[in-house]
Amino acid sequence: MAVLIGGIGSSHAPSIAHAYDQGYQERDEWRPFFDSYARVADWLCESRVDTVVVIYNDHLNHFHFNAYPTFALGVAETFDICDEGAGRRDFPIVRGHAELAWHLAEQLLNQEFDPTICQEMQVDHGVMSVLPLLSALPWRLRVVPLHVNVLREPLPLPLRLWRLGQCIGRAIENCPEEARVAVVSTGGLSHQLQGQDFGFTNPAWDMRFLDLLVGNPGLLAQATHHDYMARGGVESVEMMLWLAMRGALAQSGRDFREIKRFYQRSLLTGYGLLALELFP
Ligand code: FE
């Protein structure tokens, strides 16, 4: 049987991928950031997590507005990596977990979620700015990618993300496949990349968001898109993706502990990382 081990929330950003590729791990200003991910990668190893379900949003790199799915699940043994304009990054092809993914597909449909089923899918920095920080190479972790539209109205509600996470958590826990799984949500934190408020960040809100996600996620699930955008900037509505991770843990009814929490304001976005481990 598959086992749900815990969850991770993480920012995703091209700047993270750039810093990784440029070898900034040893730079003073980046060391706390990379050390935090190293701690979480160690935890994933220690707890023998072998598969991550990654909930993220594609940034018009694989999907385009001619047919942009609200939810899209990657059901394949491998996923290639998007060229986001500077060439394909030099990583091996990403390993999928088709059996777990098909099970998720069936369970989500049975629970009234209807993802587009993708047997071919390229993943962009929504997955790839984070994966190398959590998984040794060649890829130790297998990935089940689940894209959610947070780019173009109409968007799914925050409450819907919470319920999606609950369904994912239940599906993992009743999966007959052998897998030790963590649910990873990526996006945010506060940032705005358009208009007069380009470059806006709100560290106070970001840190309150992390507190609420741990202690009072129901409040975040009841919030509106406008509530997120007003506090964190337009593109920060991505933060609601973190509710899926938290919902997956909540449905288990098990208590959890924090493995790592990190926050840093960078130039254009708040970087956040939160790793939670369920008690057996
Ligand atoms: Fe994004």
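Presented here is an overview of the structure given in this document. Here the residue index of a chain counts from 1 through its sequence in written order. Given that this is a predicted model, residues contribute local features only at a pLDDT of at least 70 and side-chain atom pairs are listed and counted only at 80 or more, while totals for whole chains, interfaces and linings are drawn from all residues. The basis for the side-chain values is all heavy atoms of the structure; hydrogens and waters are excluded.

**Brief notes about the overall build of the protein**
- The helix and strand labels rest on DSSP assignments: H or I over at least four residues marks a helix, E over at least two residues marks a strand, and numbering proceeds from the N terminus. Broken down by element type, the protein carries ten helices and eleven strands.
- Here the C-alpha atoms of the protein give a radius of gyration of 17 Å, agreeing with the 19 Å that 2.2 N^0.38 yields for 280 residues.
- Considered along the principal axes of its C-alpha atoms, the protein spans approximately 50 × 40 × 40 Å.
- Only protein chains enter the accessibility calculation, which uses a 1.4 Å probe; a residue whose area is less than 20% of its type maximum is buried, one above 50% is exposed, and one in between is partly exposed. Across the 280 residues of the protein, 58% fall into the buried class.
- Residue contacts are defined here by distance: any two heavy atoms, one from each residue, within 4.5 Å place the two residues in contact. The long-range fraction of contacts in the protein, counting pairs at least 24 apart against all pairs at least 6 apart in sequence, stands at 80%.
- For the protein, the accessible surface area stands at approximately 11500 Å², while carbon and sulfur atoms represent 50% of it.
- Neither His nor the chain ends contribute to the count of charged residues, in which Lys and Arg are positive and Asp and Glu negative. Here the site of a charge means NZ on Lys, CZ on Arg, CG on Asp, or CD on Glu. Between the mean site of the 22 positive side-chain charges and the mean site of the 33 negative ones, the protein shows a separation of 6 Å. Each radius of gyration is computed over the set of C-alpha atoms, and the globule rule expresses the reference value as 2.2 Å times the number of residues to the power 0.38. The Shrake-Rupley method, run with a 1.4 Å probe, gives the accessible areas here. Residue values count only the displayed protein chains as cover.

**Observations regarding the coordination of the iron ion**
- Within the first shell, the iron ion binds the protein through His 12 (NE2), His 59 (NE2) and Glu 238 (OE), at distances of 1.9 to 2.1 Å.
- Read from N- to C-terminus, the donor residues coordinating the iron ion fall into the pattern H-x46-H-x178-E. Placement of His 59 in the loop between strand 2 (51–56) and strand 3 (71–74) and of Glu 238 in the loop between helix 9 (225–232) and helix 10 (242–250) is noted, with a sequence separation of 179 residues between them. Any nitrogen, oxygen or sulfur atom within 2.8 Å of a metal ion counts as a donor, with the limit raised to 3.2 Å for Na, K and Ca, and since water is left out, coordination shells can look unfinished.

**Examining the packing of aromatic side chains**
- Pairing of aromatic rings covers Phe, Tyr and Trp, the last counted by its six-membered ring, and requires centre-to-centre distances within 6.5 Å; plane angles under 30 degrees mean stacked, over 60 mean edge-to-face, and any other angle means tilted. Evaluation of the coordinates by the stated rule reveals 16 aromatic pairs.
- Geometrically, the ring pair formed by Tyr 24 and Trp 30 is tilted, given 6.2 Å between the ring centres and 45° between the ring planes. For the pair Tyr 24 and Trp 30, a shared accessibility class is recorded, and that class is buried.
- Ring geometry for Phe 33 against Tyr 271: centres 5.1 Å apart, planes inclined by 50°, an arrangement best described as tilted.

**Considerations on the environment of Glu 238**
- Judged by its relative accessible area of 4%, Glu 238 is buried.
- In this structure the C-alpha to C-alpha distance between Glu 238 and Ile 55, which are 183 residues apart in sequence, comes to 11 Å.
- With near-sequence residues (within four places) excluded, Glu 238 lies in contact with His 12, Asn 57, His 59, Val 150, Gly 187, Gly 188 and His 191.

**Description of the environment of Pro 132**
- Within the fold, Pro 132 resides in helix 5 (residues 131–134).
- Of the residues examined, Pro 132 reaches a relative accessible area of 8% and is grouped as buried.
- Once the C-alpha coordinates of Pro 132 and Tyr 37 are considered, the two residues, 95 residues apart in sequence, prove to be 9.7 Å apart.

**Points about empty space enclosed by the protein**
- Only protein atoms enter the 1 Å grid used here. Points where a 1.4 Å probe fits but cannot escape make up a cavity, open sets with protein on both sides within 12 Å along at least five of seven lines make up a pocket, and a residue lines them when an atom lies within 4 Å of a point. Grid points are joined across faces, edges and corners, and a volume is the space filled by probe spheres set on the points. Tallied over the entire structure, the rule returns one cavity of 30 Å³ or more.
- Volume-wise, the largest cavity comes out at about 50 Å³.
- Lining of the largest cavity is provided by Val 52, Val 54, Val 127, Val 130, Leu 131, Leu 134, Leu 141 and Val 184.
- Breaking the lining of the largest cavity down by element, the ones donating at least two residues are strand 2 and helix 5.
- Within the lining of the largest cavity, the residues separate by chemical class into eight nonpolar, no polar and no charged. By the convention adopted, Pro, Cys, Tyr, Trp, Phe, Met, Ile, Leu, Val and Ala count as nonpolar, Lys, Arg, Asp and Glu as charged, and the other residues, Gly among them, as polar.

**Comments concerning the environment of Ala 2**
- Inspection of the secondary structure puts Ala 2 in strand 1 (residues 2–10).
- Looking at Ala 2, the relative accessible area reads 6%, which means it is buried.
- Distance from Ala 2 to Arg 180, taken between C-alpha atoms, is 5.8 Å for residues 178 residues apart in sequence.
- The residues touching Ala 2, leaving out its near neighbours within four places in the chain, are Ile 172, Glu 173, Cys 175, Glu 177 and Ala 179.

**Things to note about the state of the cysteines**
- Cysteine sulfurs are considered disulfide-paired once they come within 2.5 Å of each other. Applying the stated criterion to the full structure yields zero disulfides.
- This cysteine, Cys 118, is not joined by any disulfide, and Cys 82 carries the nearest cysteine sulfur, 12 Å off.

**Concerning the packing of helix 7 (residues 203–215) against helix 10**
- Angular values range over 0 to 180 degrees, each being the angle between N-to-C directions of two axes fitted as lines to C-alpha atoms, with helices fitted over their stretch in contact. It is at 10 Å that the axes of helix 7 and helix 10 come closest, and there the two elements cross at 25°. Here helix 7 is positioned roughly parallel relative to helix 10, judged by the angle of their axes. Here the hand of the crossing between helix 7 and helix 10 comes out right-handed. Across the interface between the two elements, Phe 209, Leu 210, Leu 213 and Val 214 of helix 7 pack against Trp 242, Leu 243, Met 245 and Arg 246 of helix 10.
- Class assignment for the residues of the contact of helix 7 with helix 10 results in seven nonpolar, no polar and one charged. Angle categories: roughly parallel below 35 degrees, roughly antiparallel above 145, roughly perpendicular from 65 to 115, and oblique for all the rest. Crossings are classed by handedness, with left-handed meaning an anticlockwise turn of the near helix from the far one by less than a right angle and right-handed meaning a clockwise turn.

**Some points on the pairing of strand 3**
- The alternating pattern of strand 3 places Phe 71 and Leu 73 and Ala 72 and Gly 74 on opposite faces, both of which are buried.
- Two strands qualify as a pair provided that DSSP identifies no fewer than 2 bridges between them. The sheet contact formed by strand 3 and strand 8 (residues 142–148) spans three bridges and is antiparallel. Bridging from a neighbouring strand, Ala 72 pairs with His 147 of strand 8.
- With three bridges joining them, strand 3 and strand 6 (residues 116–118) adopt parallel strand pairing. Of the residues in strand 6, the one forming a bridge with Leu 73 is Ile 117.

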